[in-house]
Amino acid sequence: MNVLVVGPAGSGKSLFTREFGRYLMDDFSVVRVNLDSGVGYLPYRPDFDVREYFSLEEIMSEKDLGPNGATLEAVDRLKELDIPNFSEDFVLMDTPGQLEPFVFRGGASAFADMADLTVYLVDSTGPVETFPSQYLYSLASQYSLNTPMVRALNKLDLIDRERAKELEEMMMDPRMFANLEDVSMRSQMNMDIANLLMQMYSPSRFPAISAKTREGFEDVLTYILETLSRKRIWN
Ligand SMILES: Nc1nc2c(ncn2[C@@H]2O[C@H](COP(=O)(O)OP(=O)(O)OP(=O)(O)O)[C@@H](O)[C@H]2O)c(=O)[nH]1
Ligand SMILES: [Mg+2]
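Residues numbered from 1 in each chain as written. Chains lettered and ligands numbered in written order. Predicted model: local features only at pLDDT ≥ 70, side-chain atom pairs only at ≥ 80, totals over all residues.

Q: Please give an account of unusual backbone geometry that cites residues and values.
A: Despite not being glycine, Asn 146 has its phi angle at roughly 60°, a positive value. Within the secondary structure, Asn 146 is located in the loop between helix H6 (131–145) and strand S6 (149–154). One non-glycine residue, Lys 155, lies in the positive phi region at around 70°. (Helix = DSSP H or I, 4+ residues; strand = E, 2+ residues; numbered from the N terminus.)

Q: Quick rundown of helix H3 (residues 67–80)? Include the residues and the values.
A: Compared with the 20 Å implied by 1.5 Å per residue over 14 residues, the 20 Å span of H3 between its first and last C-alpha is a close match. Regarding H3, the residues found buried are Ala 70, Thr 71, Ala 74, Val 75 and Leu 78. Down the axis of H3, the buried side of the element spans an arc of 150°, and every buried residue falls inside it. Taken together, the buried residues of H3 touch helix H2 (56–63) and helix H4 (99–104). (Expected span 1.5 Å × (residues − 1). Buried ≥ 20, exposed ≤ 12 C-beta atoms within 10 Å, placed from the backbone. Arc of directions from axis to C-beta. Contact = placed C-beta atoms within 7 Å.)

Q: Tell me what's going on with the site of ligand 1, and back it up with residues and numbers.
A: Lining the immediate surroundings of ligand 1 are 18 residues, of which Gly 12, Ser 14, Leu 15, Gly 97 and Lys 212 lie closest. It is helix H1 (residues 13–24) that contributes the most residues to the shell around ligand 1, three residues altogether. (Near = placed C-beta within 6 Å.)

Q: Describe the pairing of strand S2 (residues 30–34), listing the residues and the values that go with them.
A: Regular strands have side chains that alternate between both faces of the sheet. Counted residue by residue, S2 has four buried out of five residues, so it is predominantly covered. For S2 and strand S3 (residues 48–49), the ladder comprises two bridges, and the chain directions are parallel. Looking at the pairing, Val 33 lines up with Phe 48 of S3. (Pairing = 2+ DSSP bridges.)

Q: Tell me about the environment of Asp 219, and please be specific about residues and values.
A: Along the polypeptide, Asp 219 turns up in helix H9 (residues 217–234). For Asp 219, a count of 16 C-beta atoms within 10 Å puts it in the partly exposed group. Taking C-alpha positions, Asp 219 is 9.0 Å from Ala 208, a pair spaced 11 residues apart along the chain.

Q: Report on the sheet that holds strand S5 (residues 117–123), specifying residues and quantitative values.
A: Here we have six strands laid out as an open sheet, ordered S3-S2-S4-S1-S5-S6, and parallel in their pairing. Looking at which strands have only one partner, the edges of the open sheet turn out to be S3 and S6. Running at roughly 160° to S5, H6 makes contact with strand S1 (2–6), S5 and S6 of the sheet. (Axes fitted to C-alpha atoms, helices over the stretch in contact; angles between N-to-C directions.)

Q: Outline the environment of Pro 207, supporting the account with residue identities and numerical values.
A: Within the secondary structure, Pro 207 is located in the loop between helix H8 (185–200) and H9. Linking Pro 207 and Tyr 223, residues 16 residues apart in sequence, is a C-alpha distance of 9.4 Å. In this view, Pro 207 contacts Ala 152, Glu 168, Gly 216, Asp 219 and Val 220; residues no more than four positions away in its chain are not counted.

Interpretation in functional terms is not warranted from these geometric data alone.
Right, dumping it as structure tokens:
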């Protein structure tokens, strides 16, 4: 099964790739693929590494580009990259820190085509009022990637239990967005977003996990396997 690991900058994609990979290795064969040409230090040794073909730094100096221009060039080069067909049970694909150019400029399309599903990480330590927009961003990413998606709130070990429970409940049932204490224009928008999401999607699970302590990994694996079996039924 090919799994794309996606999420905003710093949400924990690389650490998740390492730890979830190790967790899976107890029962499955696992390959880890690094698609981030800009990363300096990776917390795991990838089985396939885009940096063997190009790196953001090389592109910057070759083409006299700043980091953003080079990121766009790197996304274009990703489209040309052929990655081997691995036969292992799980192929975890760690993606670039810059989600927006990767997901919304076509850099991800070949990998999304190969992917059975996407795991989308949200950093649970972010400000609570940003979670409705984080949810929408994950949906926009799913729309663009066109894969099933398992969403998770990462960095559970850094927040208290009460907050974790509230966030999980809120993300599982967007009607809770309406309870966010806010007297600005956003409060009306929260209601509208909640209503829209309820019309479009039945509430789905959004487990809190820690890529550091592995808490919640059983849930992620269960949701991945459930999602995959639903996908097989559709096909
Ligand atoms: N405590 C804690 N730290 C985490 C967790 N997940 C990631 N981190 C830390 O958060 C920082 C960013 O994690 P990365 O795995 O590099 O995140 P990323 O999404 O790959 O980052 P980019 O590729 O740069 O976008 C690192 O310092 C990680 O050690 C977690 O669950 N708990
Ligand atoms: Mg990373």
